[in-house]
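Now for the letters of each chain:
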Amino acid sequence: MTMRLSLLMTAALSLVACAPVPTLKPAAQAISAEQVGLSSPSQPASSPTAPELAQPQAWWQAFKDAQLDALIERALANSPSLAVARARMDRAAAQVEQAQAADKPVVGAGLDMTYQRFPEHSLYPPPYGGSLRTTSTLQAGVGYDWDFFGRHQAELDTALGQGRAAQADQAAARLSLSAQVARSYLALARTLAQRDLLQRQLAERKETLSLVQQRVAAGLDNGQDQRNAEAPLPELQRQSVLLDEQAAALRQQLASLSVQPAAALRELAPRLPAALNLGLEAQAQLGVDLLGRRPDVVAARWRVEAASSQVSLARAQFYPNVSLNAFVGFSSIGIDKLLQPGSLQYGLGPSIRLPLFDTGRLRAQLHGSAAELDAAVAAYNGAVIEAVREASDQLRALQSVQSQQQAQQTALLNAEASRQLQTQRFEAGLGNKLALLSARGNALQQQRQMLDLYAQQLDTQVSLVRALGGDWQDLPKR
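All values derive from a computational prediction rather than experimental measurement. (Residues numbered from 1 in each chain as written. Predicted model: local features only at pLDDT ≥ 70, side-chain atom pairs only at ≥ 80, totals over all residues. Heavy atoms only, no water.)

Details of the packing of aromatic side chains
Worth spelling out the cut-off: Side-chain rings of Phe, Tyr and Trp, where Trp is taken by its six-membered ring, are said to pair if the distance between their centres is within 6.5 Å; with planes under 30 degrees apart they count as stacked, over 60 as edge-to-face, and otherwise as tilted. To sort residues, take the accessible area from a 1.4 Å probe on protein chains only and compare it with the maximum for the residue type: under 20% means buried, over 50% means exposed, and anything in between is partly exposed. A helix here means a DSSP run of H or I that spans at least four residues, while a strand means a run of E at least two residues long, and both kinds are numbered starting from the N terminus.
Applying the stated rule across the entire model yields two aromatic pairs. Centroid distance Trp59 to Trp60: 5.9 Å. Interplanar angle 80°. Geometry classified as edge-to-face. The exposure class assigned to Trp59 is buried, which follows from its relative accessible area of 5%. Taking relative accessible area as the criterion, Trp60 reaches 3% and is therefore assigned buried. Plain terms: the ring middles of Phe149 and Tyr319 are 4.9 Å apart, the flat faces sit at 15° to each other, and that makes the pair stacked. A residue pair is termed long-range when its members are at least 10 positions apart, and Phe149 in the loop between strand E3 (132–146) and helix H4 (151–217) and Tyr319 in the loop between helix H8 (295–316) and strand E4 (321–333) qualify at 170 residues.

See the structure below:
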């Protein structure tokens, strides 16, 4: 009867007794899709429940370049920055396990033995008072903290939000690193291709200079003509040195990104791959699904979820903490009597703790958690705005490059037509070789400009893929 009454009183107190919970100002609101110009304006940029994460995909394999695949895989496997991200994810997973354990009973056992002198003027009667004896206790206990007010669930939700944010952070780091390696690889391919064309230009210019020198010697041209033929050579030679330096720097950069000696990439000579088919017509209007493809945006949204749960946890601290404890074991004075039936002890009882005189600290914690939530929402809004800006900028840049390529293609076709015409005239004896060499040089220059635009297209495609989240997707929770 006493135990039943105690339980009923504990339950009643837990329901009615709590510290006054302060009223908070309205929380900050997540930005909507309509505010940032995304399609499907009826769908908010932040859903009540953030989605689960899927594994990032190997988007770079669309280039079908085995050397690029190997470099990126090596970089992802050995990058120190990714190792840091993985460690943070593991730490967050451990915090989730810790939060899950809070809602389970705690079972323990112990054995205590103490050799001591019992005082004569205390509770112990003769012959114990004034003697030296050993007290022994062998006991097992179980305790359970009842989650009447959602404290454990809020702790778990906070840990889950932080853990999923750490997962998304790792995905963002993988995406950034893979894009950086791809861009450096493509830049090296562009540099080497430019160097090849430049060597052809130098050969053409040297041949032109040699022919002009012969004409000057024959009195057909003057010194000014020779100086005009010599003028382009220093600039082309300077560009050759610059391209060699750029190639060496890019190989060093790739070696650093993939964590290997620069000597291992000394012979790396990639070629520009075919451009990706990104289906820009379908992406002309960015959709709200961008917010689910960008891992950095998803990470920010999970931090909002975690901060919201932290506010719930801070609010739950104002309510009583109710627990139930039980124990059973043996206790005796003297080791020889420890396991005798008369040494048996057991007990069961509830406990309740009320925050009556600690509300100043609890109010400060609640207000601090509410401020953290507002900061998380602001960070999420900033991430959404930046994601839309990056994707829009890269989409416009790619469309601009494609328009420039169309114009440059016309210029290249005209230069090639002129070169073919001069070749035909020269072979028919109707034109001189200087005109032919000039036409060849002009065609090579147009090829170099076309090559730069093509390399820029590939680089912008990689940047756009990164801005759109790669092939990474988050999946709705089931």
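Moving on from the coordinates now.
Remarks on the side chain of Gln461
The cut-off we apply is this: For this analysis, a polar contact is any N or O atom pair within 3.5 Å, provided that within protein one partner can donate a hydrogen and the other can accept it, and provided that sequence-adjacent residues contribute only side-chain to side-chain pairs. Whether two residues are in contact is decided by their heavy atoms, any of which lying within 4.5 Å being enough.
Within the fold, Gln461 resides in helix H10 (residues 433–467). In terms of polar contacts, Gln461 uses its side chain to reach the backbone carbonyl oxygen of Leu276, at 2.8 Å. If we ignore the near neighbours within four places in the chain, the residues touching Gln461 are Ala275, Leu276, Leu278 and Leu398.

Re helix H2 (residues 66–78)
Spacing of three or four residues puts side chains on the same side of an α-helix, whose turn is 3.6 residues. The condition is simple: A helix is expected to span 1.5 Å multiplied by its residue count minus one. Throughout, the arc means the angular range of directions from the helix axis out to the C-beta atoms.
Here H2 is 13 residues long and its end C-alpha atoms lie 18 Å apart, about the 18 Å a rise of 1.5 Å per residue gives. Along H2, the residues that are buried comprise Leu68, Asp69, Leu71, Ile72, Ala75 and Leu76. One face of H2 carries all of its buried residues, which in axial projection span an arc of 165°. Projecting away from the buried face of H2 at angles above 90 degrees are the exposed residues Ala66 and Ala77. Buried positions along H2 lie against helix H3 (80–101), H4 and helix H6 (232–257). Residue Asp65 occupies the N-cap position of H2, its side-chain oxygen lying 3.0 Å from the main-chain nitrogen of Gln67.

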